[in-house]
Amino acid sequence: QVQLVESGGGLVQAGGSLRLSCAASGLTFSIYTTGWFRQAPGKEREFVAAIRYNSGYGYYADSVKGRFTISRDNAKSTMFLQMNTLKPEDTAVYYCALKYGGGGVYRLPNEYDYWGQGTQVTVSS
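Described in the following lines is the structure provided in the data block. (Residues numbered from 1 in each chain as written. Predicted model: local features only at pLDDT ≥ 70, side-chain atom pairs only at ≥ 80, totals over all residues. Heavy atoms only, no water.)

**Notes on the nonpolar core**
For step 1, the next point in the chain: Of all hydrophobic cores here, the largest spans 36 residues; its most connected members are Trp36, Leu81, Met83 and Tyr94.
For step 2, the next point in the chain: Sorting the residues of this core by element identifies strand S3 (18–25), strand S4 (32–39), strand S5 (46–51), strand S6 (58–60), strand S7 (68–73), strand S8 (78–83), strand S9 (92–100) and strand S11 (119–124) as the ones contributing at least two each.
For step 3, the next point in the chain: Beyond its immediate chain neighbours, meaning those up to four positions away, Tyr94 contacts Glu6, Leu20, Phe37, Arg38, Val48, Phe68, Leu81, Met83, Gly118, Thr119 and Val121. (Core = buried A, V, L, I, M, F, W, Y, C linked by side-chain atoms within 4.5 Å. Buried < 20%, exposed > 50% of the residue type's maximum accessible area, 1.4 Å probe, protein only. Helix = DSSP H or I, 4+ residues; strand = E, 2+ residues; numbered from the N terminus. Contact = heavy atoms within 4.5 Å.)

**Details of the packing of aromatic side chains**
For step 1, the next point in the chain: Tallying each qualifying case throughout the model produces 9 aromatic pairs.
For step 2, the next point in the chain: Relative to Tyr112, the ring of Phe37 lies with its centre 5.1 Å away and its plane at 80°, an arrangement referred to as edge-to-face. Here Tyr112 lies in the loop between S9 and strand S10 (114–115) and Phe37 lies in strand S4, a separation of 75 residues in the sequence.
For step 3, the next point in the chain: Relative accessible area serves as the criterion here: at 0%, Phe37 is assigned to the buried category.
For step 4, the next point in the chain: Grouping aromatic residues by their ring pairs yields a cluster made of Phe37, Phe47, Tyr57, Tyr59, Tyr95, Tyr112 and Trp115.
For step 5, the next point in the chain: Against the face of Tyr95 rests Arg45, its NZ or CZ located 3.7 Å from the ring centre.
For step 6, the next point in the chain: Above the plane of the ring of Trp115 lies Arg45, whose end atom (NZ or CZ) is 4.8 Å from the centre. (Phe/Tyr/Trp six-rings, centres within 6.5 Å; stacked < 30°, edge-to-face > 60°. Lys NZ or Arg CZ within 6 Å of the ring centre and 35° of its normal.)

**Here we look at the environment of Glu111**
For step 1, the next point in the chain: Considering the arrangement of structural elements, one finds Glu111 in the loop between S9 and S10.
For step 2, the next point in the chain: Its relative accessible area of 25% is what places Glu111 among the partly exposed residues.
For step 3, the next point in the chain: In sequence terms Glu111 and Ala14 are 97 residues apart; their C-alpha atoms lie 32 Å from each other.
For step 4, the next point in the chain: With residues near it in sequence (within four places) discarded, Glu111 still touches Lys99 and Tyr106.
For step 5, the next point in the chain: Polar contacts involving the side chain of Glu111 include one to the main-chain amide nitrogen of Leu108, which spans 3.0 Å. (Polar contact = N/O pair within 3.5 Å; in protein donor to acceptor, adjacent residues only side chain to side chain.)

**Topic: the pairing of S7**
For step 1, the next point in the chain: Taking every second residue as pointing to the same face, the buried face of S7 carries Phe68, Ile70 and Arg72, while none of Thr69, Ser71 and Asp73 on the other face is buried.
For step 2, the next point in the chain: With antiparallel pairing between neighbouring strands as the criterion, S7 and S8 make up a hairpin whose turn holds 4 residues, including Ser77 at a positive phi of roughly 50°. (Pairing = 2+ DSSP bridges.)

**Quick notes on the state of the cysteines**
Simply put, disulfide is the name for a covalent bond between the sulfur atoms of two cysteines.
For step 1, the next point in the chain: Inspection of the entire model under this criterion finds 1 disulfide.
For step 2, the next point in the chain: Through a disulfide, Cys22 is tied to Cys96; the S-S separation comes to 2.1 Å. On the sign convention where negative is left-handed, the bridge of Cys22 and Cys96, at about 55° about the S-S bond, is right-handed. Of the two residues, Cys22 is situated in strand S3 and Cys96 in strand S9; the sequence distance between them amounts to 74 residues. Of the two residues, Cys22 and Cys96, neither departs from the other in class, the shared state being buried. (Disulfide = S-S within 2.5 Å.)

**Remarks on the pattern of salt bridges**
For step 1, the next point in the chain: The tally for this structure, following the rule as stated, stands at 4 salt bridges.
For step 2, the next point in the chain: When the shortest N-O distance is used, the salt bridge between Glu46 and Arg38 registers 2.6 Å.
For step 3, the next point in the chain: Because the salt bridges share partners, they merge into one network encompassing Arg38, Glu46, Arg67 and Asp90. (Salt bridge = Lys/Arg side-chain N within 4 Å of Asp/Glu carboxyl O.)

**Remarks on the sheet that holds strand S1 (residues 3–7)**
For step 1, the next point in the chain: Read from one edge to the other, the open sheet built from 4 strands follows the order S1-S3-S8-S7, with strand pairing classed as antiparallel. The open sheet has two edge strands, S1 and S7, and neither has a second partner. The average undirected angle you get between the axes of adjacent strands in this sheet is 15°.
For step 2, the next point in the chain: As paired strands, S7 and S8 are joined by 6 bridges and run antiparallel to one another. Each bridged residue has a counterpart across the sheet, and for Asp73 the counterpart in S8 is Thr78. (Axes fitted to C-alpha atoms, helices over the stretch in contact; angles between N-to-C directions.)

These values are about where atoms sit, not about what they do.
Structural data, given as structure tokens:
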């Protein structure tokens, strides 16, 4: 069965950095678009970043552009989210997600097929 296992969350001070990882198994990782979403208490799940399976092209939410970098290692079936200059408003549970194929831009949760369990990121002021 498909599994996505996230790691790397934690507590960090504002201005600090964290790197999230998401290891996938049970599927051919290289043919999936990979994305990161986050959900803060009382809010809807929102798009953070994604990277196309066939080009390595990454795109971001405006709120994280220039601070976060998404990447992937197909040989290890793993995706990453490097988060720099973190702000208290980045506090949320972060989820990795996979979408089969896809050469477009996918920012909606219901466009993705598989999800990780989530990892908490807390940024203190």
